[in-house]
Amino acid sequence: MARYASILETIGRTPLVRLARLAPPDVNLHVKVEAFNPMGSVKDRMALAVIEAAERSGDLRPGQTVIEATSGNTGIGLAMVCARKGYPLVVTMAESFSLERRRLLRFLGARVVLTPASEKGSGMLAKAVELAETHGYFLCRQFENEANAEVHSRTTAREILDDMQGEPIHAWVTGFGTGGTLKGVSRVLKAADARTRIVVAEPDNAPLLGSGEVQPQGVSHPRFRPHLMQGWSPDFISPLTQQAVAAGMVDEVVPVAGEEALRLARELARKEGIFVGISAGATLAAALEVARRAPAGSHVVCMLPDTGERYQTTPLFAGIEDEMNEEELALSRSTPGFRFDTPAAAPAPQPSATPAVRVAAAQEATSDAEAEQRLDDYLAQAPVVMFALAWCEFCWAARKLFDRLGVDVLSVELDSPACQVGDMGVRLRPVLARRTGAPTIPQIFIGGEPLGGCGELFEAWENGSLGERLAACGVAHDSTARIDSRLLLPAWLHPRSAEA
Ligand code: PMP
């Protein structure tokens, strides 16, 4: 552990972990867990290398926009690097990649331009080229950029050799996307020990390398078919991959079935506690096959390119439920407390005795002229006023509806530091309760008149009366908006189905 001047210094030096439970007992199977990179994938290495190479060559000018076509991990790595270094970033991505990836990119400040899934990897690349040429962006060209292979020679391969401490490596197993990992690591391992077998895994339904058919110019490879391993085998054999093959680096190509990739990613989580994505499960499938054939006592090294965190909306998480299953329900029923089916059996909530609540109760008994006045002041300040709590998800949902309708709301956060002055947030509660007839938060007022909470707001939107009330006090809103307001609530608040 050290102190770092920048998150970028923490890229690389990922751990090599020996599998204890999944590997054949007589073979040492080591996995290189690239999820340890700051943004969770092997592509962080490439992102930093490509940007710094372009800075050195002068191809990238300070403040210039960076663009790249990426299945996600490259973009996420680039977004981190660009954020730290101050470059705007645009990413082109096929719509078929997982939603988490898009959201992560946008969270990191990048802009994401989606391309039709039918146009595959080539389509997103063509779009990136078009945008770069039109707007003068710096295009990373990860599929052919030598900096992508070089960083793996300089870091990934060296780390493997250092960690193996001179033990001979029988085989090193990887998949390929850009081929940066393949080209960069294989040449260093081969130079260190020519006997090390370089094994490349690819989807069984898209045998780009296994078929031996050459990549035709400018069109999809004839053997490409869509597959489950995001980040692996695009619809063409990239220049970096072709170079590794042409240099005679590849000793063996192992086809892997999508189902097997999913199964092994889950096994790795449940048997070894290592949480990775689909291409990692796929690489492991190939590595296990190699390990089963390897001589006793040999060492096999397997790349695990990324974390499983960004696959929650993909088939990797199929069958992983949000609700309790029968077994979990039975476990819940096995003790009396805190159950959904018998609310009475739950221990009665303890009356709260915090000073704030006692103050509130005392205020309720006497009238609080100052709080009454404050409420009226707020109502006079804006036609739409919402009394809210920052952590309350009903308040977020109500705010989302107003946002979508383009309505400005004065939101009074009762738990904000401003409302803590003179304990006003607490003192406003009983005053609000008296005026509205409801003790709950949020409470929404339109034109000074109480509307109700989140439920009443959504009902008023659905039956059209919200629009009328807004119009009556001169507040413009997007009356054409089509919004299913229930979907604005977080999923755990959606009305439960019959099992409830
Ligand atoms: N797995 C995943 C999840 C990836 O994002 C990538 C990168 N496209 C790879 C594997 C392949 O790595 P490389 O581009 O170095 O061949």
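Since the structure is predicted, the reported quantities are computational estimates derived from the model, not experimental observations. (Residues numbered from 1 in each chain as written. Predicted model: local features only at pLDDT ≥ 70, side-chain atom pairs only at ≥ 80, totals over all residues. Heavy atoms only, no water.)

Caption draft 1: Examining the site of the ligand more closely. By nearness alone, 15 residues border the ligand, and K43, G177, T178, T181 and S279 come closest of all. Between N73 and the ligand, the recorded distance is 2.9 Å, taken from a side-chain N or O atom to an oxygen atom. Protein contact buries 96% of the 390 Å² of open area that the ligand shows by itself. Of the residues belonging to the shell around the ligand, the class tally is four nonpolar, nine polar and two charged. (Near = heavy atom within 4 Å. Polar contact = N/O pair within 3.5 Å; in protein donor to acceptor, adjacent residues only side chain to side chain. Areas by Shrake-Rupley, 256 points an atom, 1.4 Å probe, with all protein chains shown as cover. Nonpolar A, V, L, I, M, F, W, Y, C, P; charged D, E, K, R; others polar.)

Caption draft 2: Molecular detail of the sheet that holds strand 4 (residues 89-94). Pairing within the open sheet is parallel, and its four strands lie in the order 5-4-3-6. Every interior strand has two partners, whereas the edge strands, strand 5 (111-115) and strand 6 (138-139), have only one. Examined bridge by bridge, strand 3 (residues 66-69) and strand 6 share two bridges and lie parallel to one another. Directly across from V66, in strand 6, lies its bridge partner F138. (Pairing = 2+ DSSP bridges. Helix = DSSP H or I, 4+ residues; strand = E, 2+ residues; numbered from the N terminus.)

Caption draft 3: View of helix 1 (residues 43-57). Taking 1.5 Å as the rise per residue, helix 1 with 15 residues should run 21 Å; its terminal C-alpha atoms sit 21 Å apart, in good agreement. Looking at the residues trailing helix 1, positive phi occurs at G58, about 85 degrees. (Expected span 1.5 Å × (residues − 1).)

Caption draft 4: Structural view of the pattern of salt bridges. Evaluated as defined, the whole model comprises 26 salt bridges. The partner of R434 in a salt bridge is E372, and the shortest N-O contact between them spans 3.4 Å. With a gap of 62 residues between them, R434 in helix 15 (residues 424-436) and E372 in helix 12 (residues 369-381) connect regions that are remote in the sequence. When its relative accessible area of 44% is taken as the criterion, R434 is described as partly exposed. On the basis of relative accessible area, E372 is assigned to the partly exposed category, the value being 23%. Between R486 and D484 there is a salt bridge; the shortest N-O distance is 2.8 Å. By relative accessible area, which is 33% here, D484 ends up partly exposed. (Salt bridge = Lys/Arg side-chain N within 4 Å of Asp/Glu carboxyl O. Buried < 20%, exposed > 50% of the residue type's maximum accessible area, 1.4 Å probe, protein only.)

Caption draft 5: Broad picture of the nonpolar core. One finds F387, L401, L457 and L466 to be the most contacted residues of the largest nonpolar core, which totals 43 residues. Those elements that place two or more of their residues in this core are helix 12, strand 11 (384-388), helix 13 (393-405), helix 15, strand 13 (443-446), helix 16 (454-462) and helix 17 (465-472). If you tally residues by element for this core, the top one is helix 13, at six residues. Excluding residues that lie within four positions of it along the chain, L466 makes contacts with L401, L405, I446, L451, L457, A460 and W461. Counting 38 residues, the second-largest nonpolar core is a separate cluster that includes V173, V254, A282 and V290. (Core = buried A, V, L, I, M, F, W, Y, C linked by side-chain atoms within 4.5 Å. Contact = heavy atoms within 4.5 Å.)

Caption draft 6: Local environment of the sheet that holds strand 11. Here four strands make up an open sheet; going across it, the order is 12-11-13-14 and the pairing mixed. Strands at the two margins of the open sheet, each flanked by one partner only, are strand 12 (410-413) and strand 14 (449-452). Across this sheet, the average inter-strand angle for adjacent strands is 25 degrees, counted without regard to direction. With four bridges connecting them, strand 11 and strand 12 associate as parallel partners. (Axes fitted to C-alpha atoms, helices over the stretch in contact; angles between N-to-C directions.)

Caption draft 7: Expanded view of the environment of V31. Within the secondary structure, V31 is located in strand 2 (residues 28-33). Assessed through its relative accessible area of 0%, V31 is described here as buried. Residues V31 and V173, 142 residues apart in the sequence, show an inter-C-alpha distance of 9.5 Å. Leave out the neighbours within four places in its chain, and V31 touches P15, L16, V17, L19, I274, L284, C302 and L304.

Caption draft 8: Focus on the packing of helix 13 against helix 16. At a minimum axis separation of 9 Å, helix 13 and helix 16 run at an interaxial angle of 30 degrees. The orientation of helix 13 relative to helix 16 falls into the category roughly parallel. Of the two elements, helix 13 crosses helix 16, and the hand of that crossing is left-handed. Two secondary-structure elements touch here, helix 13 through F394, A397, A398, L401, F402 and L405 and helix 16 through C454, L457, F458 and W461. (Parallel < 35°, antiparallel > 145°, perpendicular 65-115°, else oblique. Left-handed = near helix turned anticlockwise from the far one by under 90°.)

Caption draft 9: Geometry of the domain arrangement of the protein. On domain assignment, one finds that the protein holds domain 1 (7-41 + 146-220 + 229-315), domain 2 (43-142) and domain 3 (358-496). Taking only C-alpha atoms into account, the centre of domain 1 sits 54 Å from that of domain 3. (Domains from an automatic or database assignment.)

Caption draft 10: Broad picture of the packing of aromatic side chains. In total, this model carries four aromatic pairs according to the counting rule given. Taken together, a centroid distance of 5.0 Å and an interplanar angle of 65 degrees make the contact between F143 and F236 edge-to-face. Within this pair, whereas F143 is found in the loop between strand 6 and helix 5 (146-164), its partner F236 is found in the loop between strand 8 (197-203) and helix 7 (239-246), the two being separated by 93 residues in sequence. Its relative accessible area of 13% is what places F143 among the buried residues. Owing to a relative accessible area of 11%, F236 belongs among the buried residues under this scheme. Where F275 meets F317, the ring centres are 6.4 Å apart and the plane angle is 75 degrees; that geometry is what we call edge-to-face. Placement of F275 in the loop between helix 8 (258-272) and helix 9 (278-293) and of F317 in the loop between strand 10 (299-304) and helix 10 (326-333) is noted, with a sequence separation of 42 residues between them. (Phe/Tyr/Trp six-rings, centres within 6.5 Å; stacked < 30°, edge-to-face > 60°.)

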